[in-house]
Amino acid sequence: MKQTDTAASPRVLGPSWNFARRQLQQVLAFASLIVLAAFFAIANPNFLTWSNLSGILLSTAVIGILALGTTFVIITSGIELSLGTGMTLAAVMTGVMLTSWGLPLPLGVLGGVLTGALIGLVNGVSIAVLKIPPFIATLAMMLIAQGLALVISGTAPIYFTDVPGFTDISLASLVPGVRLPNAVLILFALTAVAALILGKTLLGRYSFAIGSNEDAASLSGIAVRRWKIAVYTLSGCFMGIAGVVLAARLNSAQPSLGIGYELQAIAAVVIGGTSLQGGKGSIVGTLIGALIVGTVTNGLRIMSIPQEWQSVVIGLVILAAVYIDILRRKQ
Amino acid sequence: MKQTDTAASPRVLGPSWNFARRQLQQVLAFASLIVLAAFFAIANPNFLTWSNLSGILLSTAVIGILALGTTFVIITSGIELSLGTGMTLAAVMTGVMLTSWGLPLPLGVLGGVLTGALIGLVNGVSIAVLKIPPFIATLAMMLIAQGLALVISGTAPIYFTDVPGFTDISLASLVPGVRLPNAVLILFALTAVAALILGKTLLGRYSFAIGSNEDAASLSGIAVRRWKIAVYTLSGCFMGIAGVVLAARLNSAQPSLGIGYELQAIAAVVIGGTSLQGGKGSIVGTLIGALIVGTVTNGLRIMSIPQEWQSVVIGLVILAAVYIDILRRKQ
Amino acid sequence: MYDLPAGGPVHDLLLRLEGISKGFPGVQALSDVHLELRAGEVHAVVGENGAGKSTLMKLLAGIHQRDAGSIEVGGREVEIENPRAAQELGISIIHQEFSLMPDLTIAENIYIGREPRRGPFTDDRRLNRMAADLFARLGIDLDPRARVGDLLVAQQQVVEIAKALSFDARVLIMDEPTAALTESETANLFRLIRDLRDQGTGVIYISHRLGELKEIADRITVLRDGEYVATLDAAGADLRHVVALMVGRELAANGGPPRTGDPSRPVVLEVRGLGSKGLLEDVSFELREGEILGFAGLVGAGRTEVARIVCGADRADRGTILLRGRPVKIRTPADAARLRIGYLSEDRKRFGLLLDQDVGFNILASSLAEHANPLGLMKDAQARRTAERYVESLRIRTPSLRTPVRSLSGGNQQKVILARWLAKDCDVLIFDEPTRGIDVGAKEEIYELLDSLAAEGKSIIMISSELPEVLRMAHRIAVMCEGRVTGVLDGAEADQRTVMDYATRAGAHGGIA
Amino acid sequence: GDDATEGLDPDKPYIALVSKGFQHQFWQAVQEGAEQAAEEFGVEITFEGPDSESEVAQQIDMLQTALDRDPDAIGFAALDSQAAAPLMTEAESRGVPVIAFDSGVDSDVPVTTASTDNLAAAALAAEHLVELIGGAGKIALVVHDQTSVTGVQRRDGFTEWVEANAPDVEIVSVQYGGGDQLESTNIATAIIEGNPDLKGLYGANEGSAIGVINAVQELDRVGEIQVVGFDSGQAQIDAIRDGVMAGAITQNPVGIGYETVKAAVAAINGEDLPETIDTGFYWYDATNIDDAEIQAVLYE
Ligand SMILES: Nc1ncnc2c1ncn2[C@@H]1O[C@H](COP(=O)(O)OP(=O)(O)OP(=O)(O)O)[C@@H](O)[C@H]1O
Ligand SMILES: Nc1ncnc2c1ncn2[C@@H]1O[C@H](COP(=O)(O)OP(=O)(O)OP(=O)(O)O)[C@@H](O)[C@H]1O
Ligand SMILES: [Mg+2]
Ligand SMILES: [Mg+2]
């Protein structure tokens, strides 16, 4: 039998030396991230300033939030390609609610999140009830959301200039004295929430069960359809939040933005050790994956490496990070 | 147990009464395509002109060729995200060989195809030998190829104006008297070649075996690593050809083109009934899938539907086509 | 909780099936079948591969819906629409094919859908304690927190059993629970079954190991070709008669005299000092031409591991493998195949079947290259003839070569994989539990096949947990215990006692109680 | 009604415009101008463009489809003129006049070209930025695209002017954000972090300029870093009014659209046309933003 890794299976396996090893592995997962950061810190002294570090976190926030939600989907062995444009549609809906309908701020934000949830719900129903493969269902949704965002916004950006406090959602600092934008706090808070859901609730447990062996899960009496819909809806909520955070950062809802974000988010998830085959994955891994991508991108930009080389280097770093992770798991 | 369809599994064994039924199913697969075409023909008389139909085929050629090659990859349950930018890199290499190095036309074309093959080979090695998940390996290659295409071309398009006969590769008509661009002939010829390889050769059989159950295939004595590399390399050859056809059509190698083509090509494959889980798929299906996307896109354009609505409609049509296919397979 | 009359004496008849029919495209799996199950009885259901046993059970488990007939549970006619409904009716099933989730832990698998909770959260501590309690009650020695995907096949089987028992069901269905177990685990299972029976549980027991029936069954129902044949009292039944009812003819009981190794024949495969950290230590043996070398041992003794190393699926830390006296490097199963060494895995679903493909493809999977021309073009007609030949000679019950292998019965799937290795011309064949889930008649056919392969000069390693089978077939028997070969016995000198003696020689045995 | 031309009046001349985009404000302003002219001259138009400025192949497909709709004239803003050459020939052979707009089409076929001189416009932006930083110091560029004609010209026009005229100004970084606002914001942020003594930033189109504005605001460097942009739109106009951005170049997109259709009508009627129609560009900042002349060319 092959030695298979268990670090990414749900929760740790309790006490004993196994536990310690697993914890150590989690920490080692940070290794590539730390190596990268160290490299850039040496290459450019401006990298390690507080302002730049919080900038990296800020630039990771949107992709990170998307990636957190889609981790659940990928653990069920699904995929979610409507992340980017779905997020845009959520941002546009928030814009319409706050500016055209004049709803109060909390309701507008809620509306954006619900828009995301609705998109996820529709995805979930197509996939679980109509049995359309997740790739196709969410690819179709990616196009539909893109179109709807343009239609609803009248193909023009919606500005939040007249909505006081809206940009604060992303850019103010809740923690007094520390220059850490709220978007980053939101990312961290959502990481905790997602980790709790994945590790400690039925939804998390069943996500692993469905991704591990959908037929067996169904034979065990789990209502696979219902839980799948729940997972896509949850991912949709994260998508909606990402949309609001993005709009707050740009102080506008840009209807033509979004395509390409889905691949970045999925990449973060997979770099973080979640398997596209389903059944394996972790939230902390996803956060690390997102930070790795964010750090490399920022580091190269801060060094003003010519852009054509930047993508080559990012490609190589992704390869290396994943390969090192594979070696590490083999011990 | 679930009823599963085998129409798309390889024909290990020759004809039988089943054969006739299968052929019928294949024809029925054209149904959505025909319905779509009929709809557009009624909606706009210009749709059914020879010039527009050959235009549809021409605009399908590049995505179609990419999709053919990647069908093999997807049947092994892999994925290929470097299709788009890899194709661009192949086009740029052809450009460099023909314009800077002054190689004769056939060598330049060969060089482009080999570039594609090399990209595929590297992907195959990362995946089969280094065991990097296909999604990550090819995502990294997508970035690397994008960067290299820009670097090698000096971030400017390469024009083939001084290479006589180059655009003829795509745009001349080999068949005298019929206005059918060569790119379309190439697409059809490659469809035949791919169908032969998938249906009648060891490589095809092994692709199915690996995609069905990689561990079992390996224990059956199949050299899984080697054949996986072969599959990615084959897909790379198609990528290279697509690059040359695209460059010939545009009479230039556009180094920043390409991102997004991979999703379109994969969508064509999946709409054509190939499963992303691996083990199932057909070449004719892929061609139909590509034509469905090409037809809808063209039909909506020729009807001058507002562009933002176009993507909504394309999304819905993809959903409907796949759903109808699912119903059809259930009988 | 159960749909049974409350109070008073419990209804004697737990389950009554009348006139049950079920068809699949191209196959009538069941027609007009009867079955009754009383409280406190073990009711065995037997029949050839493909007779419809599993299908009947799947109707009870809510996986398939019957075409005709009625199902009564506790005297009331019911519809069992899904697995959950079956659970709610107090029916619990151990499936023939594993239905576990490899990425979850043992405890999570057992209590899936019934997780203890604290507020909105799962209570994993209690979950693990529940599993530990269950294991203590059942006498199972497994860590509830271990990941199921890391378990041996036999351990997974034990988890399946524990899961089914955890429901405290009134009706317990066991579809070949012992196919992956050796004697001692089987004995343990029987003890559990008797306890349950004594508490009034009704057990439906399916097995191809007919010897077990005497030991455990109260009544036996025989199915043939999807039809009901007879129900007998186990106590008075003659097994030869049962077999005759199953196959519809008398089977000659042939065993022949014990075999013996022939030291004059050349050594084909030699394994020297094989070691693998924590699994194997200093494993050495020789395999001669035309010989069947049996491998016996308890679950987890390391037999499968030896086989996997020899066929290149795993790497050894130490040791050499010699083929006809020359050391060979076997890094992958493809290397082994090139050296004409073939391995049939004990886990057919994970390491054998190409489930998406049809029967023909599955038979040919190892010999595709032999059915292609040098350019790699397949010779389809020739391939079809080969596949047809094996479907016929192994009597694989399938509507056609194009039938998805998924829809075959378990035993027929096993035959398909056997056919795969027979179709490939190997010099050394390693069969890991080759008759797992295969009916008596077909077993005889397979034994004959192995004999004729050996007579042709092929060398065969036969790993089996069915000791009588090893004793009957092997020229020599290597016995393993805790990763070592504790003895190599000649077929003539070996008997049940000596083998068990060597199999426990290293002291306490592994894994399962 | 259910007529084939889908709501277009079959009795009016039909002009198909294929632009470089449709989602951005700039192209919508062009469309607006085109629609004004269509109304004025009694013609029907359609307006479409690819999803991004690197989608050369998509644009060629659109042009092909436009030709198949049998128009009386075509307006075309080429992403790459070489790639369009065969279709230009086809248009000519079908007798469909082609009007190039936004940037030139390198071909004999178009009867005239209505466009902005991007090189000169970018040079003007450079001139202003250099002046704003006092003729010395570090500056950087955030451009939308590395290969498209507008991207290259607005970069080169800028850098060439700086090299020729401002020896004390150092260009420390040129990076590309695809016109995506978030991407451009992140790029600009990293450039500022990497060069704490940066004195000026230039965003080469609307999305890039907004990214630059966001970065300067998020890092609290308003006033320390001088910002100039390109194109207009609500965000840039606000930034100029708020003093975040010193000023920007605006083209006359409405004019481009208007002139294109006007020229197409003239071509259909067989009138003579000049070789080029300069649609002009303007520098606007807090001092002139409310002038009527500027207000006429700004879009929100
Ligand atoms: N899902 C299915 N689709 C089509 N045919 C099926 C399906 N399931 C079972 N069959 C067919 O029904 C028949 C009975 O199968 P079943 O699995 O009940 O046999 P079994 O008695 O359990 O045999 P075994 O001892 O080999 O397990 C077989 O011919 C089998 O091929
Ligand atoms: N304690 C263990 N922990 C993890 N994996 C184990 C352990 N023991 C054995 N294995 C794995 O299980 C596989 C099969 O085990 P092994 O060869 O010991 O079984 P076996 O003797 O063939 O018994 P059986 O096949 O009857 O279950 C081996 O390849 C090995 O990798
Ligand atoms: Mg069975
Ligand atoms: Mg074994």
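Owing to the predicted nature of the structure, the values given are computational and were not obtained by experimental measurement.

Visitor: Help me get a handle on the domain arrangement of chain C, residues and values and all.
Guide: Where interface size is quoted, it is often the accessible area lost as the parts come together. All names here are of chain C. What the domain assignment lists for chain C is domain 1 (1-90 + 169-250), domain 2 (100-168) and domain 3 (267-503). A C-alpha centroid distance of 25 Å is found between domain 1 and domain 2. On the domain 2 side, the residues contacting the 15 residues of domain 1 number 12 residues. Across the interface of domain 1 and domain 2, roughly 1100 Å² is buried in total on both sides, 65% from carbon and sulfur atoms. Among the residues of domain 1 in contact with domain 2, Ala 169, Ala 180 and Leu 192 are the three that bury the most area, contributing 34% of the side total. Run the count over domain 1 and domain 2 and you get zero salt bridges. Counting only elements with at least two residues in the side of domain 1 that touches domain 2, the list comes to α2 (83-88) and α6 (183-198). When residues in the side of domain 1 that touches domain 2 are grouped by element, the largest group, five residues, is from α6.

Visitor: Let's hear about the interface of chain A and chain C: which residues, and what values?
Guide: With 32 residues of chain A in contact, the opposing surface of chain C contributes 35 residues. Between chain A and chain C, roughly 2700 Å² of surface is buried when both sides are summed, and carbon and sulfur atoms account for 55% of that area. The tally of links from chain A across to chain C stands at four salt bridges. The shortest N-O distance in the salt bridge between Asp 103 of chain C and Lys 280 of chain A comes to 3.7 Å. Linking chain A with chain C are 10 residue pairs in polar contact (both at pLDDT 80 or more), by the criterion used here. Taken together, the elements giving at least two residues each to the side of chain A that touches chain C come down to α8 (182-200), α9 (202-212) and α10 (214-219) of chain A. Examining the composition of the side of chain A that touches chain C, we find that six residues originate from one element, α9 of chain A, more than from any other. Among the residues forming the side of chain A that touches chain C, the class breakdown is 13 nonpolar, 13 polar and six charged.

Visitor: I'd like to hear about the coordination of the magnesium ion (ligand 3), residue by residue, with values.
Guide: All names here are of chain C. Protein-derived ligands of the magnesium ion (ligand 3) are Ser 54 (OG) and Gln 96 (OE1), with the metal-ligand distances lying across 1.9 to 2.1 Å. Of this pair, Ser 54 sits in helix α1 (residues 53-60) while Gln 96 sits in the loop between β6 (91-94) and α3 (106-110), placing them 42 residues apart in sequence. Taken as a pair, Ser 54 and Gln 96 share a single burial class, namely buried.

Visitor: Break down the site of ligand 2 for me, with residues and values.
Guide: Lining the immediate surroundings of ligand 2 are 14 residues, of which Leu 152, Arg 303, Thr 304, Glu 305 and Glu 346 of chain C lie closest. Two or more chains meet at ligand 2, and those chains are chains A and C. Gly 302 of chain C has a polar backbone atom sitting 2.8 Å from an oxygen atom of ligand 2. Taking Arg 303 of chain C, its side chain carries an N or O atom lying 2.3 Å from an oxygen atom of ligand 2. When isolated, ligand 2 has an accessible area of 620 Å², and the protein chains bury 79% of it.

Visitor: Can you tell me about the interface of chain B and chain C, naming the residues and giving the values?
Guide: Taken residue by residue, the interface counts 37 residues in chain B and 44 residues in chain C. Across the interface of chain B and chain C, roughly 3300 Å² is buried in total on both sides, 57% from carbon and sulfur atoms. Inspection of the chain B/chain C interface yields three salt bridges. When the shortest N-O distance is used, the salt bridge between Arg 205 of chain B and Asp 380 of chain C registers 3.6 Å. Applying the counting criterion to the chain B and chain C interface returns 10 residue pairs in polar contact (both at pLDDT 80 or more). Within the residue set of the side of chain B that touches chain C, elements represented by two or more residues are α1 (17-29), α9 (202-212), α10 (214-219) and α11 (224-250) of chain B. Sorting elements by how many residues they give to the side of chain B that touches chain C places α9 of chain B first, with six residues. In terms of residue class, the side of chain B that touches chain C is built from 14 nonpolar, 14 polar and nine charged.

Visitor: Give a detailed account of the pairing of strand β5 (residues 112-115) of chain D, specifying residues and quantitative values.
Guide: Residues in a regular strand project their side chains so that they alternate between the two faces of the sheet. Residues and elements named next belong to chain D. Of the two faces of β5, the one carrying Thr 112 and Ala 114 and the one carrying Thr 113 and Ser 115 are both buried. In the sheet, strand β4 (residues 98-102) pairs with β5 via four bridges, with the strands oriented parallel. Its bridge partner lying in β5, Ile 99 is registered against Thr 112. In the sheet, β5 pairs with strand β11 (residues 276-278) via three bridges, with the strands oriented parallel. Looking across to β11, one finds that Thr 113 is bridged to Thr 276.

Visitor: How would you summarise helix α4 (residues 118-132) of chain D if you had to cite specific residues and measurements?
Guide: All names here are of chain D. In a regular helix each residue adds 1.5 Å, so 15 residues correspond to 21 Å; α4 covers 21 Å between its end C-alpha atoms and thus fits that length. For α4, the set of buried residues is Asn 118, Ala 121, Ala 122, Ala 123, Ala 125, Ala 126, His 128, Leu 129 and Val 130. The opening residue of α4 is Asp 117, an N-cap whose side-chain oxygen sits 3.3 Å from the backbone nitrogen of Leu 119. Backbone geometry just after α4 places Gly 134 at a positive phi near 75 degrees.

Visitor: Tell me what's going on with the confidence of the model for chain D, and back it up with residues and numbers.
Guide: All names here are of chain D. Overall, the prediction assigns chain D a mean pLDDT of 89, with 97% of residues at 70 or greater. The secondary-structure element of chain D with the lowest mean pLDDT is helix α3 (residues 81-93), recorded at 86, while strand β8 (residues 198-203) shows the highest, at 96. With pTM at 0.88, the complex prediction returns an ipTM value of 0.86.

Visitor: For the arrangement of the chains, give the residues involved together with the corresponding values.
Guide: Ranking by contact count across five pairs of chains in contact places chains B and C at the top. Separated in space, chain C and chain D share no contact, their closest pair of C-alpha atoms being 37 Å apart.

Visitor: Report on the coordination of the magnesium ion (ligand 4), specifying residues and quantitative values.
Guide: All names here are of chain C. Protein coordination of the magnesium ion (ligand 4) is provided by Thr 304 (OG1) and Glu 346 (OE), with donor distances spanning 1.8 to 2.6 Å. With Thr 304 in helix α9 (residues 303-310) and Glu 346 in the loop between β18 (341-344) and α11 (348-351), the pair connects residues that are 42 residues apart, well separated along the chain. Each member of the pair, Thr 304 as well as Glu 346, carries the same accessibility label: buried.

Visitor: Outline the side chain of Ser 82 of chain A, listing residues and values.
Guide: All names here are of chain A. Assignment of secondary structure puts Ser 82 in the loop between α3 (50-75) and α4 (83-100). In this structure Ser 82 comes out as buried when scored by relative accessible area, which is 0%. Within the local environment of Ser 82, its side chain forms a polar contact with the side chain of Glu 80, the two groups lying 2.6 Å apart. Of note is the side chain of Ser 82, whose polar atom sits 3.0 Å from the side chain of Asn 123. Leaving out residues up to four positions away in the same chain, Ser 82 has contacts with Met 87, Ile 119, Asn 123, Thr 138, Met 141, Met 142 and Met 239.

Visitor: Quick rundown of the site of ligand 1? Include the residues and the values.
Guide: Looking at ligand 1, there are 21 residues lining it, with Ser 54, Thr 55, His 208, Ser 409 and Gly 411 of chain C nearest. Residue neighbours of ligand 1 fall on chains B and C, so the site bridges chains. In this structure, Thr 55 of chain C approaches ligand 1 through a side-chain N or O atom, which is 2.5 Å from an oxygen atom. Measuring from an oxygen atom of ligand 1, one finds a backbone N or O atom of Gly 411 of chain C at 2.7 Å. In the complex, the protein chains occlude 95% of the 630 Å² of accessible area that ligand 1 would expose alone. Elements with a minimum of two residues in the shell around ligand 1: β2 (27-38), α1 and α14 (410-423) of chain C. Of the residues that constitute the shell around ligand 1, the class distribution is five nonpolar, 13 polar and three charged. Counting only domains with at least three residues in the shell around ligand 1, you end up with domain 1 (1-90 + 169-250) and domain 3 (267-503) of chain C.

Visitor: Which residues make up the sheet that holds strand β7 (residues 169-176) of chain D, and what values go with them?
Guide: Residues and elements named next belong to chain D. Spatially, the six strands line up as an open sheet ordered β7-β6-β8-β9-β10-β12, and their pairing is mixed. The sheet is open, and its two edges are formed by β7 and β12 (281-285), each paired on a single side. Pairwise comparison of adjacent strand axes, ignoring direction, gives a mean angle of 20 degrees for this sheet. The pairing of strand β10 (residues 247-251) with β12 spans five bridges and is antiparallel. Paired with Gly 247 across the bridge in β12 is Asp 285.

Visitor: Let's hear about the sheet that holds β11 of chain D: which residues, and what values?
Guide: Adjacent strands of a sheet form backbone hydrogen bonds with each other and so pair up, either parallel or antiparallel. Residues and elements named next belong to chain D. Across the sheet, six strands lie side by side as β2-β1-β3-β4-β5-β11; this open sheet has parallel pairing. Only two strands of the sheet have a single partner each, and these edge strands are β2 (44-48) and β11. Neighbour-to-neighbour, the strand axes of the sheet open up by a mean angle of 20 degrees, direction not taken into account. Pairing analysis gives five bridges linking strand β1 (residues 14-18) to β2, with the strands arranged parallel. Of the residues in β2, the one forming a bridge with Leu 17 is Phe 47. Sheet strands in contact with helix α1 (residues 25-41) are β1, β2 and β4, and its direction is about 175 degrees off that of β2. Sitting on the sheet, helix α2 (residues 56-68) touches β1, β2 and β3 (73-76), and the angle it makes with β1 is about 175 degrees.

Cut-offs applied
- Residues numbered from 1 in each chain as written.
- Chains lettered and ligands numbered in written order.
- Predicted model: local features only at pLDDT ≥ 70, side-chain atom pairs only at ≥ 80, totals over all residues.
- Heavy atoms only, no water.
- Domains from an automatic or database assignment.
- Contact = heavy atoms within 4.5 Å.
- Buried area = accessible area lost by both parts, 1.4 Å probe.
- Salt bridge = Lys/Arg side-chain N within 4 Å of Asp/Glu carboxyl O.
- Helix = DSSP H or I, 4+ residues; strand = E, 2+ residues; numbered from the N terminus.
- Polar contact = N/O pair within 3.5 Å; in protein donor to acceptor, adjacent residues only side chain to side chain.
- Nonpolar A, V, L, I, M, F, W, Y, C, P; charged D, E, K, R; others polar.
- Donors = N, O, S within 2.8 Å, 3.2 Å for Na, K, Ca; no water.
- Buried < 20%, exposed > 50% of the residue type's maximum accessible area, 1.4 Å probe, protein only.
- Near = heavy atom within 4 Å.
- Areas by Shrake-Rupley, 256 points an atom, 1.4 Å probe, with all protein chains shown as cover.
- Pairing = 2+ DSSP bridges.
- Expected span 1.5 Å × (residues − 1).
- pLDDT = per-residue confidence, 0-100.
- Axes fitted to C-alpha atoms, helices over the stretch in contact; angles between N-to-C directions.

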